[in-house]
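Residue-level listing of the chains:
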There are 4 protein chains.
Amino acid sequence: MSSSNQSVASQLRKLIEDGHYPQGERLGEEAVAEQLGISRTPVRLAFRTLEQEGLLKRAGKRGFMVREFTDADVHCAVEVRGVLEGLAARRLAEHGMSSQQREEFDFWIQKGREVLDKGHLVEEDIQRWIELNWNFHELIVCSAGSGVIADAISRNNHLPFAAAASIVIDKGKLSHEYRKLQLAQLHHELIFQSLVNGEGARVEMLMREHALIGIRYSELL
Amino acid sequence: MSSSNQSVASQLRKLIEDGHYPQGERLGEEAVAEQLGISRTPVRLAFRTLEQEGLLKRAGKRGFMVREFTDADVHCAVEVRGVLEGLAARRLAEHGMSSQQREEFDFWIQKGREVLDKGHLVEEDIQRWIELNWNFHELIVCSAGSGVIADAISRNNHLPFAAAASIVIDKGKLSHEYRKLQLAQLHHELIFQSLVNGEGARVEMLMREHALIGIRYSELL
Amino acid sequence: MSSSNQSVASQLRKLIEDGHYPQGERLGEEAVAEQLGISRTPVRLAFRTLEQEGLLKRAGKRGFMVREFTDADVHCAVEVRGVLEGLAARRLAEHGMSSQQREEFDFWIQKGREVLDKGHLVEEDIQRWIELNWNFHELIVCSAGSGVIADAISRNNHLPFAAAASIVIDKGKLSHEYRKLQLAQLHHELIFQSLVNGEGARVEMLMREHALIGIRYSELL
Amino acid sequence: MSSSNQSVASQLRKLIEDGHYPQGERLGEEAVAEQLGISRTPVRLAFRTLEQEGLLKRAGKRGFMVREFTDADVHCAVEVRGVLEGLAARRLAEHGMSSQQREEFDFWIQKGREVLDKGHLVEEDIQRWIELNWNFHELIVCSAGSGVIADAISRNNHLPFAAAASIVIDKGKLSHEYRKLQLAQLHHELIFQSLVNGEGARVEMLMREHALIGIRYSELL
C-alpha cells in the first residue's frame, strides 16, 4: 500500500539521519525487514526510493549501502538549494507578488520578529523558528508559478543538511544561536524588501547567500 | 532484476516522450504490462520510478497518469538546468581545470568545429552534434567535484526538453539549424575561454544563457 | 569661451586617439598652443579636462604626459562600461519600458537588420552601424531614470576603446566584420527580448557580455 | 598653482556638502571669489572641476548652479559604487590575493572587531570606523590591478552619499548605530572569506549588497 511504503521510506530516512545506519553501512533487505518488523517487499520499494533520492547506493547484486557524503557534497547540496531557491525568488520578483502572497510573507516575517523581539531564545523558540522558516521558504518556492522548481528543490532536500528545514539550532548554546537567527531574520526581511521592489537580480543573490548561513557563517558569528 | 526494471522505465519514458502515451492519459498497471508483454511487478516499480522523476502523477488509488506540462513548466525545467549547470561551471572556474580536463574540452570543441567548418549541415551531423554536445555538458558537470550537482541535473533531465541532450534539430530545415548550432558552438567556446581564465561569474551566466538556446533563440535566428 | 574650450579638449582627445601624441609623450602648454594656433589659457583648461578624464597625467611641476594604457587598463575600462550599462539595463527591466521606449528600441533594431539583411557589408554600412549602435546604447542609458549612471558611463567613455561607439570595424576585412556585427545585432535583440519580459538579472549579464565583443570575441569569430 | 586649485575645489565641495550653497543655488565667480578671499581665476578652474564631477551644472552663459539630486540620483550613485567595487572585488578573487594583501585585509578586519568587541560605541569610535572602513574599501579597489576602476569609483565618490567614506553615523543614536556597524563588519568578514576562497561571483554580490547598507537597511535595523 502506497502510504505504508512512504512511511517505510520515512522511517529509513530517519534512521540514516540519526546515524543508526551510519554512512558506508551495507543494508540488506532481510535484516532491515526484520528490524522494522515488516515484510521484504515494502523494504525493497523503500530502498529504491532512497536510491533515487541519493541516500542509498547500490552495492553488489541486490544490496545497498548508505551513501557517504564528503564536505564537498554537503557544500554542493547547500549551493544547489541556493541556486534553485534563488531562481524561484527571481521569478517571483520579475512576475510580481499578489497582495495575498505579500500578506503571507508579512505574516511569517512578523512571526520571526515575535521570536526574536524578547532579546533571547528559549527552547520552545526552536520549534517556532523551524515552522516559520519552513513556511517562508515554501512560500517563495510555491509562488514561483511552476511545480518544476519545487520538485527539484524537494528532491535535493532529501540530502542531509540540504533542506532549509534542516537548520541546526543548538539547544546548549541558545545565546550564540540567537545571533544566527537574528541574521536569518534580517535575510528574510531583505528578501521580502527586494520582492516588494521587483529587484530580481538582488533577491536571487540574497537567497543564495541565505542558504549559506548554516555552513559559512558559524565561524564568523 | 534491476537491469530489466531500468529498461522498463526507459521504455515507458520513450513511449511518453514519443506521445504514444499522451500528456494527461491514465496508465493502468495491467494494460501497460500487457502492451509490453511483461508481468505487473516490473511495471509497478517503473511507475514509481517515473513518478519520482516527475513524468507520472498518482491518479486515484493505485493508478497513475502522464503528467501534463505547461509552457511555464518547460521554461522552468530549462532554467533549472541552466542554474545547475551554471553552478557546476562556476565551481570549475573557481577551482581551476586540470590539464587533462582542458584537453578534453578542447577535443569536443574541435569536434564541433569539424561539424560546422564545411559551412552547412548534412543529416549525419545531427548525431555527431548530439554526441559532442552531450560530452561537453557532461564534462562540465563531472568536473565540478561532487556527484550532488550531477544528480540534481540528471533528475531534472527526465523532464521533457530539459536535458542538454534534448536539443531538437529539425532535419527538414538544416540550413536554418546551421545558424543555431553555430551559436551553440560559439557559446561552448566562450564557456571554455572563461574556464581557462578563471572567470567564474561570467561562465555561470554563459551557461544559463546557453540553456535558453532551445526556447528563446528560435524567434531571433 | 566655454564652447571653444570644449572644442580644444575635443581636438586634443582626437590627436591622442590618432596617436599624433603617442602614449607616454610629454605635452607642454606652449608647444601645444603653438601647434593649434591658439593662446595658452584654453590649452591649460583643456589639459585639466583631459586630466580628469584620465587621458593625461601630471608630469613634473606644470607639465602633463599622455597616459599609458596597459592591456589590463583597456580590459578594465571595457568591464567598467559593461557593469554600468548592465546596471542601467537592469533598472530599466525592473521598472518597465514605456511604449515609446519600446518603439525606439524596435526602430534601432530594425535599422540593424537592414544593415545585415543583404548578407554582407559595404563601406557605408560602417557609419550606419556606428550610428544605430550609439543610439541603441544611449537609449538604455537614458531610459534608466537618472543622469548619474549616464555620467559615470560618459566619463569612462573618454578612455580609449571603452566607449560602445569605439567599436572598431576594419574596412579591409568586411566579410570578417560581418559576423561580428551579426553577433552584436543578436545581442541587441536578446537585450530587447529581456527588457520586454522584465528579466533584469538576464539583461544585466547580456549587457556585460555584449561589452566584451570588441576584446574577447575576435579570436573566436 | 595646482595645489591651491585643488584646495579651492575642496573648499567648494565642502561648502556644498554642508549645505552652505544649497542644491539649486546659482554660483557666480565673482561672489564666490570674494567670499573665499581669492582671485577669480582659481574659482573658475574649480567650477570646471566640480562641473566634471557632477556637483555643478552650467546655468546661463558663464554661470553655474549647484546640482540638485533626487532620491533616484542618490540611489543610483550608491548602486554605481556597488557595481564598480563589486567588479574590483571579483577581479581580485579571480586573480588571487598576495599574502601581503591578505595580511592587510586581516589587519583592518581586526580593527573593526576592536571597535565592536566592547559591545557598544563611544564617540571616538566613529572616527576609528571611518578610517578602517575607508582603508578596507581602498584595499579592494587598489588590489584589482588597474587604476581604471579606481578612477571610475573616485569620480563617482564626489556625489553626495556615494562614497563608502560617506557612511553617516548618528552621534545621537550610538546604540542604534552599533547594530549597523556590526552588520557592516560582518559584510567585511564575508567579503574577506570569499576573497580567500576565490569566490568571485559571491564576492561581487556581497560588495553590491554592502553598498546598500546606508540606504536600504535603516528601516530594518
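The name an unreviewed UniProt entry gives chain A is GntR family transcriptional regulator, with Vreelandella populi as the organism.

*Asks:* Describe the interface of chain C and chain D, and please don't skip the residues or the numbers.
*Replies:* Of the residues lining the interface, 34 residues belong to chain C; the matching set on chain D comes to 35 residues. Taken together, both faces of the contact between chain C and chain D bury some 3000 Å²; the carbon and sulfur share is 50%. In this structure, the connection of chain C to chain D is made through twelve residue pairs in polar contact (both at pLDDT 80 or more). Take the side of chain C that touches chain D: its biggest share by element is twelve residues, from helix α4 (residues 71-95) of chain C. Broken down by class, the residue content of the side of chain C that touches chain D amounts to 13 nonpolar, nine polar and twelve charged.

*Asks:* Go over the sheet that holds strand β1 (residues 26-27) of chain B, please, and point to the residues and values.
*Replies:* Residues and elements named next belong to chain B. Spatially, β1-β3-β2 is the arrangement adopted by the three strands of the open sheet, whose pairing is antiparallel. Two strands close off the open sheet at either side, each with one partner strand: β1 and β2 (56-59). Summarising the sheet, β2 and strand β3 (residues 63-66) pair through four bridges and their orientation is antiparallel. Following the sheet pairing, K57 is matched in β3 by M65.

*Asks:* Explain the confidence of the model for chain A to me, and be specific about the residues and the numbers.
*Replies:* For chain A, per-residue confidence averages 90 on the pLDDT scale, and 96% of positions sit at 70 or higher. No element of chain A has a lower mean pLDDT than helix α1 (residues 2-17) of chain A, at 76, and none a higher one than helix α9 (residues 200-211) of chain A, at 98.

*Asks:* Provide a residue-level description of the domain arrangement of chain A, including the pertinent values.
*Replies:* Residue and element names in this part refer to chain A. When the domains of chain A are assigned, the result is domain 1 (2-66) and domain 2 (71-220). The C-alpha-based centres of domain 1 and domain 2 are spaced at 30 Å. Listed per partner, the contact involves four residues of domain 1 and four residues of domain 2. Here domain 1 meets domain 2 over a buried area of about 350 Å², counting both sides, of which 62% is carbon and sulfur. Applying the counting rule to domain 1 against domain 2 returns zero salt bridges.

*Asks:* Break down the pairing of strand β3 (residues 63-66) of chain C for me, with residues and values.
*Replies:* Residue and element names in this part refer to chain C. By the alternation rule, side chains of β3 split into G63 and M65 and F64 and V66, which are all buried. Note that strand β1 (residues 26-27) and β3 share two bridges and pair antiparallel. What sits directly across from R26, in β3, is M65. Two successive antiparallel strands, strand β2 (residues 56-59) and β3, enclose a turn made up of three residues, where G60 displays a positive phi of approximately 75°.

*Asks:* If you had to explain the relation of the copies chain C and chain D to someone new, which residues and values would you point to?
*Replies:* Taken as rigid bodies, chain C and chain D are interconverted by a rotation of 180° and an axial shift of 0.0 Å, the fit giving an RMSD of 0.1 Å. Taken together, the rotation angle and the small translation identify this as a two-fold axis. Closest approach to the rotation axis among the C-alpha atoms of chain C is made by V83 of chain C, whose C-alpha sits 3.1 Å away. When the interface residues of chain C are mapped onto chain D, 100% of them are again interface residues, pointing to one common binding face.

*Asks:* How would you sum up the state of the cysteines? Please name residues and give values.
*Replies:* On inspection of all chains with the given rule, the structure shows zero disulfides over all chains. Note on C76 of chain B: no disulfide assigned, nearest cysteine sulfur contributed by C142 of chain A at a separation of 13 Å. Judged by its relative accessible area of 0%, C76 of chain B is buried.

*Asks:* With reference to specific residues and values, describe the packing of α4 of chain C against helix α7 (residues 147-156) of chain D.
*Replies:* α7 of chain D packs onto α4 of chain C with a crossing angle of 40° between their chain directions and a minimal axis gap of 8 Å. Accordingly, the angle class assigned to the pair α4 of chain C and α7 of chain D is oblique. Of the residues in α7 of chain D, those touching α4 of chain C at D73, C76, A77 and V80 of chain C are G147, V148, I149 and A152 of chain D. Of the residues assigned to the contact of α4 of chain C with α7 of chain D, the class counts are six nonpolar, one polar and one charged.

*Asks:* An account of the sheet that holds β1 of chain C is needed here, citing residue identities and associated values.
*Replies:* Within a sheet, neighbouring strands are paired by backbone hydrogen bonds and run either parallel or antiparallel to one another. Judged by pairing direction, the sheet is antiparallel, and its three strands sit side by side in the order β1-β3-β2 (chain C) without closing on themselves. The sheet terminates laterally at β1 and β2 of chain C, the two strands that pair on one side only.

*Asks:* Could you give an account of the relation of the copies chain B and chain A, naming the residues involved and the relevant values?
*Replies:* The two copies are related by a screw operation: chain B maps onto chain A through 180° of rotation and 0.0 Å of translation along the axis, at an RMSD of 0.1 Å. Of the residues that chain B buries at the interface, 100% are likewise interface residues in chain A, meaning the two copies contact each other through the same surface.

*Asks:* An account of the packing of aromatic side chains is requested, with residue identities and associated values reported.
*Replies:* Applying the stated criterion across every chain yields a total of 16 aromatic pairs over all chains. Aromatic side chains F47 of chain B and F64 of chain B sit 5.3 Å apart centroid to centroid with 65° between the ring planes, which places their arrangement in the edge-to-face category. Note that F47 of chain B is positioned in helix α3 (residues 40-53) and F64 of chain B in strand β3, a separation of 17 residues in sequence. With respect to class, F47 of chain B is no different from F64 of chain B; both count as buried. Considering the side-chain rings of F107 of chain D and W108 of chain D, the 4.9 Å spacing of their centres and the 85° angle between planes classify their relative orientation as edge-to-face. Judged by relative accessible area, F107 of chain D falls into the partly exposed class, the value being 44%. Counting every residue linked through ring pairs, the aromatic cluster contains F105, F136 and F192 of chain A.

*Asks:* Explain the pattern of salt bridges to me, using residue names and the numbers behind them.
*Replies:* Applying the stated criterion across every chain, the model contains 76 salt bridges over all chains. E85 of chain A is the partner of R81 of chain A in a salt bridge, and the nearest nitrogen-oxygen pair spans 3.3 Å. Taken together, the residues span about one helical turn, with R81 of chain A and E85 of chain A both in helix α4 (residues 71-95) at a distance of four residues. Overall, the relative accessible area of 2% leaves E85 of chain A in the buried class. Between E29 of chain D and R44 of chain D there is a salt bridge; the shortest N-O distance is 3.4 Å. With E29 of chain D in helix α2 (residues 29-36) and R44 of chain D in helix α3 (residues 40-53), this residue pair connects regions lying 15 residues apart in the sequence.

*Asks:* Describe the interface of chain B and chain A, and please don't skip the residues or the numbers.
*Replies:* Across the contact, 34 residues belong to chain B and 34 residues belong to chain A. At the junction of chain B with chain A, the criterion picks out six salt bridges. Residues D151 of chain B and R67 of chain A are paired through a salt bridge, measuring 3.0 Å at the closest nitrogen-oxygen approach. Linking chain B with chain A are twelve residue pairs in polar contact (both at pLDDT 80 or more). The dominant element in the side of chain B that touches chain A, judged by the number of residues it contributes, is helix α4 (residues 71-95) of chain B, at twelve residues.

Basis of the calculations
Residues numbered from 1 in each chain as written. Chains lettered and ligands numbered in written order. Predicted model: local features only at pLDDT ≥ 70, side-chain atom pairs only at ≥ 80, totals over all residues. Heavy atoms only, no water. Contact = heavy atoms within 4.5 Å. Buried area = accessible area lost by both parts, 1.4 Å probe. Polar contact = N/O pair within 3.5 Å; in protein donor to acceptor, adjacent residues only side chain to side chain. Helix = DSSP H or I, 4+ residues; strand = E, 2+ residues; numbered from the N terminus. Nonpolar A, V, L, I, M, F, W, Y, C, P; charged D, E, K, R; others polar. Pairing = 2+ DSSP bridges. pLDDT = per-residue confidence, 0-100. Domains from an automatic or database assignment. Salt bridge = Lys/Arg side-chain N within 4 Å of Asp/Glu carboxyl O. Buried < 20%, exposed > 50% of the residue type's maximum accessible area, 1.4 Å probe, protein only. Least-squares fit on C-alpha atoms with pLDDT ≥ 70 in both. Disulfide = S-S within 2.5 Å. Axes fitted to C-alpha atoms, helices over the stretch in contact; angles between N-to-C directions. Parallel < 35°, antiparallel > 145°, perpendicular 65-115°, else oblique. Phe/Tyr/Trp six-rings, centres within 6.5 Å; stacked < 30°, edge-to-face > 60°.

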